[in-house]
Amino acid sequence: MRVSATILLIFLGACANDSVTWSDPVFSGSPVAPNEYSAWTIADAMGCQASLRKSAVLNGGFATWWRVRPDSSAVLMVARLTSAGINEPVVADSTDRSRRGCSRPAPAIAVDSESGYVHVAYFLEPDAGSGIFFAHSMDSGSTFHSPVPIVFGRNPSRVSVASRGNKVIVAFEDPNAAEPIVGVSLSRTMGHLFEERMSVSSGNGRAEQPVIRLSHDSIHLWWSEYSADPAVSATRSAYESGRWR
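Residue numbers restart at each chain and count upward from 1, following the sequence in its written direction. In keeping with the predicted nature of the model, local features appear solely for residues at pLDDT of at least 70, side-chain atom pairs appear and are counted solely at 80 or more, and the whole-chain, interface and lining totals rest on all residues. Side-chain measures here rest on the full set of heavy atoms in the structure, leaving out hydrogens and waters.

Another aspect to go through is the overall build of the protein. Only runs of H or I of at least four residues qualify as helices and only runs of E of at least two qualify as strands under DSSP, and these elements are numbered from the N terminus. Within the protein, the regular secondary structure consists of zero helices and 18 strands. With the principal axes as the frame, the protein shows a C-alpha extent of 50 × 40 × 35 Å. Categorising residues by exposure relies on relative accessible area from a 1.4 Å probe, with only protein chains included: less than 20% of the type maximum marks a residue as buried, more than 50% marks it as exposed, and the intermediate range marks it as partly exposed. For the protein, with 245 residues in total, the buried portion stands at 50%. By definition, residues are in contact when any of their heavy atoms lie within 4.5 Å. Taking contacts inside the protein between residues at least 6 apart in sequence as the whole, the part at least 24 apart equals 48%. In this description, accessible areas are obtained by the Shrake-Rupley approach with a 1.4 Å probe, and a residue is regarded as covered only by the protein chains that are shown. Only carbon and sulfur atoms are counted for the fraction: they give 51% of the accessible area of the protein, which is about 11,400 Å². The charge count includes Lys and Arg as positive and Asp and Glu as negative, but it does not include His or the ends of the chains. Working definition for charges: the position is that of NZ of Lys, CZ of Arg, CG of Asp or CD of Glu. Where the 21 positive side-chain charges of the protein centre and where its 23 negative ones centre are 2 Å apart.

Most of strand β13 (residues 167-173) sits inside the fold, with seven of its seven residues counted as buried. Residues K167, I169, A171 and E173 of β13 are buried on one face, and the alternating residues V168, V170 and F172, pointing to the opposite face, are buried as well. The pairing criterion is simple: DSSP has to find at least two bridges between the two strands. Of the pairings in the sheet, the one linking strand β12 (residues 159-164) to β13 comprises six bridges and is antiparallel in character. Across the sheet, the residue bridging to R164 is K167, located in β13. Here β12 folds back onto β13 in antiparallel fashion, the turn holding two residues, of which G165 has a positive phi close to 65°.

Attention shifts here to the packing of aromatic side chains. A pair of aromatic rings is counted whenever rings of Phe, Tyr or Trp (Trp by its six-membered ring) have centres within 6.5 Å, and the orientation is called stacked for planes under 30 degrees apart, edge-to-face for over 60 and tilted otherwise. Counted under the stated rule, the structure contains five aromatic pairs. Taking 6.0 Å as the distance between ring centres and 85° as the angle between the ring planes, the aromatic pair formed by W66 and Y122 counts as edge-to-face. Of this pair, W66 sits in strand β4 (residues 60-68) while Y122 is found in strand β9 (residues 118-124), placing the two residues 56 residues apart along the sequence. A relative accessible area of 0% means that W66 is categorised as buried. Owing to a relative accessible area of 0%, Y122 belongs among the buried residues under this scheme.

Trans peptide bonds make up the majority, and among non-glycine residues the majority have a negative phi. If you check the backbone angles, S140 has positive phi at about 60° while not being a glycine. Note that S140 resides in the loop between β10 (131-137) and β11 (148-152). S140 sits in the partly exposed class, given a relative accessible area of 40%. Here M190, not a glycine, exhibits a phi torsion of approximately 60°, which is positive. Relative to the elements of secondary structure, M190 occurs in the loop between β14 (182-187) and β15 (196-199).

What follows is about the confidence of the model for the protein. In the predicted model, the protein carries a mean pLDDT of 87, and 91% of its residues have values of at least 70. Taking the mean pLDDT of every element in the protein, the minimum, 32, falls on strand β1 (residues 10-11) and the maximum, 98, on β9. Note that residues 1-17 has pLDDT below 50 and, in this model, 35 contacts with residues that lie over four places away or in other chains. One confidence number per residue, pLDDT, is output by the predictor and ranges from 0 to 100.

We call a pair of cysteine sulfur atoms a disulfide whenever their separation is within 2.5 Å. All chains considered together, the criterion is met by one disulfide. Each sulfur of the disulfide joining C48 and C102 lies 2.0 Å from the other. Between C48 and C102 the sulfur-sulfur dihedral comes to about -85°; the bridge is accordingly left-handed. Of this pair, C48 sits in the loop between β2 (20-22) and β3 (53-57) while C102 sits in the loop between β7 (90-93) and β8 (108-111), and the two are 54 residues apart along the sequence. Overall, C102 belongs to the partly exposed group, its relative accessible area being 47%.

To summarise the sheet geometry, strands pair through backbone hydrogen bonds and adopt either a parallel or an antiparallel arrangement. Ordered by their spatial adjacency, four strands build an open sheet running β8-β9-β10-β11, and the pairing between neighbours is antiparallel. If you trace the sheet from one side to the other, it starts and ends with β8 and β11, each paired once. On average, each strand axis in the sheet is tilted by 15° relative to the strand beside it, whichever way the strands run. Relative to β10, β9 runs antiparallel, the two being bridged by seven bridges. Within β10, the residue paired with H119 across the bridge is H136. Fitted lines through C-alpha atoms give the axes, limited to the stretch in contact for helices. The angle between two N-to-C directions lies from 0 to 180 degrees.

Take a look at the structure:
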């Protein structure tokens, strides 16, 4: 089966202000995607171990995971990691009202090497409407600002987040798409506001499981692409790079 490498660049904003120049998708010989999963466990009796994600920085790092309430809704937790162990976790978002228990996409976390800010992105189902949300801490994970919506939608979606200085980028499975596609949302204000959003995956496949990284002005995006034919189980890795002006 041959899958077209046609790329969709769809701004859900002012198309005349495109700020990212993307390469063509690469399906072989691309850089290896960084691993966002971890075999590490955390001592939280109500925590969803499969949802645990870490972001390492000098002299420690941070971890995030879902903690399930008795009614099967969940709270997003974040904790600082040190050489001595793990600090007391704090609540990053407590507005979930779903009943999914641990059957929910894992959150994503990134720690900015320049500012030290802690950024988390995640799919959530609060009273105001489900979708992809973002929150960050400007005091080393002690407190988190109110969540910012990235895109509203019903489909549970996996996410990835990266940052450098003022720039933050969130990659996500589009929660509104009839067939899975990967999109990104960009902020030049440390995540206080996301000014642009676009789809960045090939047109004929089913794009899932994004992983995003940011190096200076270079964006690196990986995803898994499945056949558009549900009878075909084949999958392949896809990679694309972009220049953020």
